[in-house]
Amino acid sequence: MTTIIAEIAQAHNGSFSKTLDYIDALAGTGIDVIKFQTHIAEAESSVHEPFRVKFSDDATRYDYWKRMEFTKAQWAQLKSHCEEKGMEFMSSPFSNVAIDLLEDIGVVRYKVGSGEVNNFLLLEKLVQTGKPLIISSGMSSYTELDATVSFLKSKGAQFSILQCTTSYPTAPEQFGLNVIKELKERYGVPVGFSDHSADIGTAIAAVALGAEIIEFHAVFSRSDFGPDAKSSLEIAEVPQLVQSIRNLEVAKKHPIDKSSNEQFTDLKRIFEKSLAVNASLKKGHRLTFEDLEAKKPKGFGIDASRFEEVLGKTLRNDLKQWDFLNSEDLE
């Protein structure tokens, strides 16, 4: 079954109570996992880090990350609240210190953000936890991914990879849906799709093409404050996405055999048609294409599919307009 992950990231804007509100709001949508980002400014950043998008009044990106921090007790409470609501708590760590924190509160698995795929120091720390990893490939070339995959496989790590385009929001020509199959064939691991398109159709298409994990950003409104809001799904849209994915899973488990149509026999009698004449015609008339019509139901005249067989044939009987045409009417 497809694992469906809704990412809160920094949509909480540093508010612990708003984060709890997000958990409550997503609890009824049918998702499997809520994902967060665990930032510890001193360990991961510096005053020299530039903003990706300058959207807040924070003087530096470091200050922003500092404002996004929660205490270990708060993280533990968030995890408990997710589990009480029937969802898995997951987070992306951005430092080894963050991994220690998440280990202390007992996470099940880890997501590795696009910017950390080449951070082998962090990957080594994650491998040492023995937990499964989900790797986002957003900013990585195949050369870089080859090195990361080789490193993880050499360590015996259990991991999956997400096709992802680090562009917010992602335009259709940037989706890279073709990469899902390429990743599966290249690395032989489970592959998913991390979506920033703000359109439920993108993730549905990814599942149809073989994605086993779907991740997307979730917000109350795309007009909300934050760097990812415009590339997110609104929470009101999430149930439709989940239901569409679950329906697609059922469909994929029930392939249709088009070599047989026996189940449609009765319907075919209703919807398929018989040949008829569209004008009153006299005995001896030679039939042309312009004389013919097809009328429901099937079986009251020659099948409409056989119309070419009657062209040029002579009528044996007079026929009234809209009469069905049968073999006994022909010389």
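Every chain's residues receive numbers from 1 upward, in the order its sequence appears when written. Per-residue local features of the predicted model are confined to residues with pLDDT of at least 70, and side-chain atom pairs are confined, for both listing and counting, to 80 or more; whole-chain, interface and lining totals are unaffected and use all residues. Each side-chain value is worked out from all heavy atoms of the structure, with water and hydrogens disregarded.

Draft legend 1. Layout of the UniProt feature "domain: AFP-like" (unreviewed entry) in the protein. The UniProt feature table records "domain: AFP-like" (unreviewed entry) at residues 274-331. The span residues 274-331 shows a helical share of 7% and a strand share of 14%, and its end C-alpha atoms are spaced 19 Å apart. UniProt positions are given in the numbering used here, feature names are shortened, and annotations may be inferred rather than shown by experiment. Each helix is a run of H or I in the DSSP string that is no shorter than four residues. Each strand is a run of E no shorter than two, and both are numbered from the N terminus.

Draft legend 2. Molecular detail of the pattern of salt bridges. Salt bridges are defined by distance alone: a side-chain nitrogen of Lys or Arg within 4 Å of a carboxyl oxygen of Asp or Glu. Under the definition given, this model contains 23 salt bridges. Between K35 and E7 there is a salt bridge, with the nearest N and O atoms lying 3.0 Å from each other. One end of the pair, K35, is in strand β2 (residues 33-38); the other, E7, is in strand β1 (residues 3-7), with 28 residues separating them in the sequence. According to the relative accessible area criterion, E7 is buried, its value standing at 3%. Taken together, the shared-partner salt bridges in this structure form one network comprising D32, R246 and E249. Only protein chains enter the accessibility calculation, which uses a 1.4 Å probe; a residue is then buried when its area is under 20% of its type maximum, exposed when over 50%, and partly exposed in between.

Draft legend 3. Quick look at the nonpolar core. Among the buried residues, those of types Ala, Val, Leu, Ile, Met, Phe, Trp, Tyr and Cys that are joined through side-chain atoms within 4.5 Å form a nonpolar core. Judged by nonpolar contacts, the single largest core of 66 residues is most densely connected at L26, I31 and F216. Listed in part, the 11 residues of the second largest apolar core include V277, I302, L325 and L330.

Draft legend 4. Layout of the packing of aromatic side chains. For this analysis, a ring pair means two rings from Phe, Tyr or Trp (six-membered ring only for Trp) whose centres lie within 6.5 Å, classed as stacked if their planes differ by under 30 degrees, edge-to-face if by over 60, and tilted for the remaining angles. One pass over the full model with this rule turns up 10 aromatic pairs. Between the aromatic rings of F70 and W75, the centroid separation amounts to 5.4 Å while the plane-to-plane angle is 70 degrees, which identifies the pairing as edge-to-face. Here F70 and W75 have matching classes, each one buried. Relative to F151, the ring of F120 has its centre 4.6 Å away and its plane inclined at 40 degrees; by these criteria the two rings are tilted. Of this pair, F120 sits in helix α6 (residues 120-129) while F151 sits in helix α7 (residues 142-154), placing them 31 residues apart in sequence. The class of F120 is partly exposed, set by a relative accessible area of 30%. Pairwise contacts between aromatic rings join F16, F36, F70, W75 and F89 into one cluster.

Draft legend 5. Molecular detail of unusual backbone geometry. Of note, the bond from K296 into P297 is cis; its omega dihedral lies within 30 degrees of zero at 0 degrees. Note on placement: P297 falls in the loop between β11 (292-295) and α12 (307-310). We note that A9 has phi near 50 degrees; this positive angle belongs to a residue other than glycine. Looking at where A9 falls in the secondary structure, it is placed in the loop between β1 and α1 (16-26). Of note, N13 is a non-glycine position whose phi angle comes to about 55 degrees, a positive value. Take N13: it is sitting in the loop between β1 and α1. Given a relative accessible area of 27%, N13 falls into the partly exposed group.

Draft legend 6. Quick peek at α1. Of all the positions in α1, only F16, T19, L20, Y22, I23 and L26 are classed as buried. Buried residues of α1 fall within an arc of 155 degrees about the axis and therefore sit on the same side. Residues of α1 that are buried make contact with β1, β2, α4 (72-84), β8 (213-219) and α10 (238-253). Working definition: the arc comes from the directions between the helix axis and the C-beta atoms, pointing outward to the latter. Any two residues whose heavy atoms approach within 4.5 Å at even a single point are treated as in contact.

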